[in-house]
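A look at the structure
Listed below are the residues making up each chain.
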Amino acid sequence: MHDSQAQHWLARSRAAVWHPCTQMKRHETLPIIPIARADGIWLEDFDGKRYIDGVSSWWVNLFGHNQPRIKQALKDQLDTLEHVILAGFTHQPVVELSERLAALTGLGHAFYGSDGASATEIALKMSFHYWRNHGQTQKTRFLSLEHSYHGETVGALAVTDVPLFSDTYAPLLQHNLRAPSPDARLAAPRETAADVARRAASALESLLQQHGHEIAAFIIEPLVQGAAGMVMYDPLYLAEARRLCDQYRVHLIADEIAVGFGRTGTLFACEQAAIRADFLCLSKGITGGYLPLSCVLTTDDIYAAFYDDDVSRGFLHSHSYTGNALACRAALTVLDIFEDEQVIAANLATAALFSRHLAEIAAHPAVRHFRQRGMIWAFDVDCQRADFGPAFFSLMLQQGCLVRPIGKTVYFMPPYIIEESHMRQLVDATLMALTQLLAGDRPSSRPETALP
Ligand SMILES: *Cc1c(COP(=O)(O)O)cnc(C)c1O
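Residues numbered from 1 in each chain as written. Predicted model: local features only at pLDDT ≥ 70, side-chain atom pairs only at ≥ 80, totals over all residues. Heavy atoms only, no water.

Worth spelling out the cut-off: UniProt positions are given in the numbering used here, feature names are shortened, and annotations may be inferred rather than shown by experiment.
Under the annotation held in an unreviewed UniProt entry, the chain carries the name Adenosylmethionine-8-amino-7-oxononanoate aminotransferase and is attributed to Vogesella indigofera. Of the comments in the UniProt record for the chain, the one headed Cofactor (unreviewed entry) reads "pyridoxal 5'-phosphate". Of the chain, the UniProt comment under Sequence similarities (unreviewed entry) reads exactly: "Belongs to the class-III pyridoxal-phosphate-dependent aminotransferase family. BioA subfamily."

A word on the sheet that holds strand β7 (residues 215–220)
Test applied: Following DSSP output, two strands are said to pair if at least two bridges run between them. Here a strand is any run of E in DSSP of at least two residues, a helix any run of H or I of at least four, and the numbering for each starts at the N terminus. As a rule, the C-alpha atoms of each element are fitted with a line to give its axis, helices using only the stretch in contact, and angles between N-to-C directions run from 0 to 180 degrees.
Ordered by their spatial adjacency, seven strands build an open sheet running β4-β12-β11-β10-β7-β5-β6, and the pairing between neighbours is mixed. Each edge of the open sheet carries a strand with a single partner, namely β4 (109–113) and β6 (177–179). Sheet twist, expressed as the mean angle between neighbouring strand axes with direction ignored, is 20°. Two strands pair when backbone bridges link them, and strand β5 (residues 141–145) and β7 are joined in this way by four bridges, in the parallel orientation. Residue pairing across strands places arginine 141 opposite isoleucine 215, the latter belonging to β7.

Overview of the site of the ligand
Put simply, the rule reads: The rule for a residue being near a molecule or strand is that one of its heavy atoms must lie within 4 Å of it. Under this definition, polar contacts are N or O atom pairs within 3.5 Å; protein pairs additionally need one hydrogen-donor-capable and one acceptor-capable atom, and for neighbouring residues in sequence, both atoms have to be side-chain atoms. Under the convention used here, a 1.4 Å probe and the Shrake-Rupley method define accessible areas, while residue burial counts only the protein chains that appear. Just so you know the grouping, Ala, Val, Leu, Ile, Met, Phe, Trp, Tyr, Cys and Pro go in nonpolar, Asp, Glu, Lys and Arg go in charged, and all remaining residues, Gly too, go in polar.
Every residue lining the ligand is accounted for by Trp59, Asp115, Gly116, Ala117, Tyr149, His150, Gly151, Glu221, Asp255, Ile257, Ala258 and Lys284. A distance of 2.8 Å separates an oxygen atom of the ligand from a polar backbone atom of glycine 116. The backbone of alanine 117 places a nitrogen or oxygen atom 2.8 Å from an oxygen atom of the ligand. Relative to its unbound accessible surface of 380 Å², the ligand loses 82% to contact with the protein. A breakdown of the residues in the shell around the ligand according to their chemical character gives five nonpolar, three polar and four charged.

Side note on the sheet that holds strand β16 (residues 409–412)
Hydrogen bonds between backbone atoms are what pair the strands of a sheet, whose relative direction is either parallel or antiparallel. Filter applied, for reference: Contacts between residues were defined by any pair of non-hydrogen atoms, one from each residue, lying within 4.5 Å.
Taken together, the three strands give an open sheet; going across it, the order is β13-β14-β16, and neighbouring strands pair in antiparallel fashion. Every interior strand has two partners, whereas the edge strands, β13 (367–373) and β16, have only one. Sheet twist, expressed as the mean angle between neighbouring strand axes with direction ignored, is 15°. Pairing geometry for β13 and strand β14 (residues 376–381), over five bridges, is antiparallel. The partner of glutamine 372 across the bridge, within β14, is tryptophan 377. The strands touched by helix α12 (residues 343–362) are β13, β14 and β16; relative to β13, the strand with the most contacts, the crossing angle is about 175°.

Focus on the packing of aromatic side chains
Here is the rule we go by: The aromatic pairing rule takes the rings of Phe, Tyr and Trp, using the six-membered ring of Trp, and pairs them if the centres are within 6.5 Å, calling planes under 30 degrees apart stacked, those over 60 edge-to-face and the rest tilted. Accessibility here uses a 1.4 Å probe with only protein chains present; expressed as a share of the type maximum, an area under 20% marks a residue as buried, one over 50% as exposed, and anything in between as partly exposed. For a Lys NZ or an Arg CZ to count as sitting over a ring, it must be within 6 Å of the ring centre and within 35 degrees of the ring normal.
Under the criterion given, the structure shown has 18 aromatic pairs. Ring centres of phenylalanine 111 and phenylalanine 315 lie 5.1 Å apart, and the angle between their planes is 80°; on these two criteria the pair is classed as edge-to-face. Of this pair, phenylalanine 111 sits in strand β4 while phenylalanine 315 is found in the loop between α10 (300–304) and α11 (325–340), placing the two residues 204 residues apart along the sequence. By relative accessible area, which is 18% here, phenylalanine 111 ends up buried. Assessed through its relative accessible area of 15%, phenylalanine 315 is described here as buried. Note on tyrosine 303 and tyrosine 307: the rings are 5.9 Å apart at their centroids and 40° apart in plane angle, and the pair reads as tilted. Given the relative accessible area of 65%, tyrosine 307 is considered exposed. Taken together, the ring pairs connect Phe63, Phe261, Phe268, Phe338 and Tyr416 into an aromatic cluster. Between the NZ or CZ atom of arginine 50 and the centre of the ring of tryptophan 42, over which it lies, the distance is 4.0 Å.

Section: the pairing of strand β12 (residues 294–298)
Across the five residues of β12, five count as buried, placing the element largely inside the fold. Taking every second residue as pointing to the same face, both faces of β12 are buried, with Ser294, Val296 and Thr298 on one and Cys295 and Leu297 on the other. When β4 meets β12, the two strands line up antiparallel, connected through five bridges. What sits directly across from glycine 113, in β12, is serine 294. Bridge count for strand β11 (residues 279–282) against β12 is four bridges, and the pairing is antiparallel. Counted as the bridge partner of phenylalanine 279 is threonine 298 from β12.

Overview of unusual backbone geometry
Residues other than glycine seldom take positive phi values, yet tryptophan 58 does so here, at roughly 65°. If you trace the backbone, tryptophan 58 turns up in helix α2 (residues 56–59). Owing to a relative accessible area of 35%, tryptophan 58 belongs among the partly exposed residues under this scheme.

Observations regarding a nonpolar patch on the surface
We count it as follows: Patches draw on residues past 30% relative accessible area with no salt bridge. Two like charges within 9 Å are joined, as are two nonpolar side chains (Val, Leu, Ile, Met, Phe, Trp, Tyr) within 5 Å. The working definition used for a salt bridge is a side-chain nitrogen of Lys or Arg within 4 Å of a carboxyl oxygen of Asp or Glu.
A cluster of nonpolar side chains, namely Val154, Tyr169 and Leu172, defines an oily patch on the protein surface of about 310 Å² accessible area. Along the chain, tyrosine 169 turns up in the loop between α7 (163–166) and β6. Accessibility expressed as a relative area gives 43% for tyrosine 169, which makes it partly exposed.

Description of the packing of α12 against helix α14 (residues 420–439)
Helix-helix packing is characterised by the crossing angle of the two axes and by the distance between the axes. Cut-off, in case you're wondering: Between 65 and 115 degrees an angle is taken as roughly perpendicular, under 35 as roughly parallel, over 145 as roughly antiparallel, and anywhere else as oblique. Rotating anticlockwise by less than a right angle from the far helix to the near helix defines a left-handed crossing, while the corresponding clockwise rotation defines a right-handed one.
Running from amino to carboxyl end, α12 crosses α14 at an angle of 20°, the nearest separation of the two axes being 10 Å. Relative to α14, α12 is oriented roughly parallel. Where α12 crosses over α14, the two elements pack in a sense that is right-handed. Where α12 abuts α14, its residues Thr350, Leu353, Phe354, His357, Leu358, Glu360 and Ile361 lie against Glu420, Met423, Arg424, Leu426, Val427, Thr430 and Leu431. A breakdown of the residues in the contact of α12 with α14 according to their chemical character gives eight nonpolar, three polar and three charged.

Structure representation (structure tokens):
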């Protein structure tokens with residue numbers, strides 16, 4: 001499968017690079033694919049073998065690879081200003097980006113980090129500090145949903161409910177609270193997703209009644225719990241969460257790190273429930289996959305609580321690369337593309353087309369809970385094999401598709417530039433992989449893991 005070039009990089013990578021979200025020993029048998037170049041939806045290895053990037057390289061490459069406008073904007077920015085310290089200094093890209101995000105979200109104050117987990121940390125710390133500045137020192141805990149994912153630094157992991165990631169570190173993690181997920185798959189016969197959302201909201205209310213006084217914020221992934229396996233739920237839950245957070249004086253943190261920038265069919269997922277969060281966390285797609293950047297947007301009220309003669313009442317948090325000029329330029333270009341190319345409207349047609357092709361999979365006898373929102377598709381596979389995930393992944397790779405199941409959930413999160421021929425290739429490869437895996441369907445002894 002690999003020529004000597006590929007073998008060469010593979011061996012060196014295994015020796016020197018500690019890969020993320022990976023049990024490295026697995027790579028004794030599972031290959032690491034060295035990628036030589038990428039263009040559009042395609043990744044290309046050293047043999048010239050091409051793979052459709054069906055997961056937008058971990059959900060970041062919104063418009064595919066080698067995007068001409070972002071590339072050109074970065075070249076121009078390189079000739080002007082690559083970076084400057086953001087304490088005591090400012091620059092055009094960071095000002096323009098903050099203003100444009102404010103106009104799009106109604107949240108007028110932007111604080112920057114470099115990745116999603118740091119955005120979560122910023123929002124949690126700001127929320128706690130807000131209440132403290134208001135003399136509410138008892139608000140020291142956070143509430144998140146069951147199966148939530150908000151990143152893997154120690155603070156973020158304490159609001160993440162994925163045991164495989166968090167159990168090991170339990171002694172290091174703050175003891176927080178969990179509310180039941182409004183997962184639409186929990187609907188009983190004749191129940192709708194909205195019924196499930198109402199039930200989950202009433203459980204949320206009980207928790208807030210009991211613990212609201214000690215909770216600083218409720219953090220939530222709007223509409224889709226990504227790392228849980230693309231768990232989707234009714235927007236009604238978000239509206240209820242907003243109402244209850246107001247009622248019990250708890251901040252609402254919308255973690256749109258994965259779902260922001262058009263992924264759920266609107267620019268931001270919160271729009272579908274017509275709510276505004278107290279904190280909005282953005283990252284992943286924000287630079288179209290070009291540079292690490294994250295941003296926490298918040299309200300005038302929260303900003304005002306820190307504005308004081310006393311230095312320690314200010315938000316002293318910082319990251320070295322805060323507001324990096326190149327990253328902000330990439331993000332501005334992403335917003336330009338959304339506007340100029342009417343991406344949200346175009347995605348509607350793209351999504352409808354892909355859904356038509358995927359109807360064959362939705363009707364497959366082993367497929368359960370086929371679901372879609374915007375540019376995310378997912379389904380669960382009724383298969384006995386405990387190694388379904390890695391086996392499916394390998395079969396897809398052989399057919400030139402990068403698709404990484406989460407446990408027995410297969411999902412597609414393609415770049416928005418996906419074309420019909422790519423859709424067809426993904427569907428045909430998936431059908432072939434399902435046929436092969438279900439033919440050999442027997443319980444296997446290998447423990448199942450669920451890595452996104
Ligand atoms: C990916 C993700 C994060 C963490 O972002 P990183 O950049 O990986 O630290 C946080 N929240 C959600 C919802 C995510 O999908």
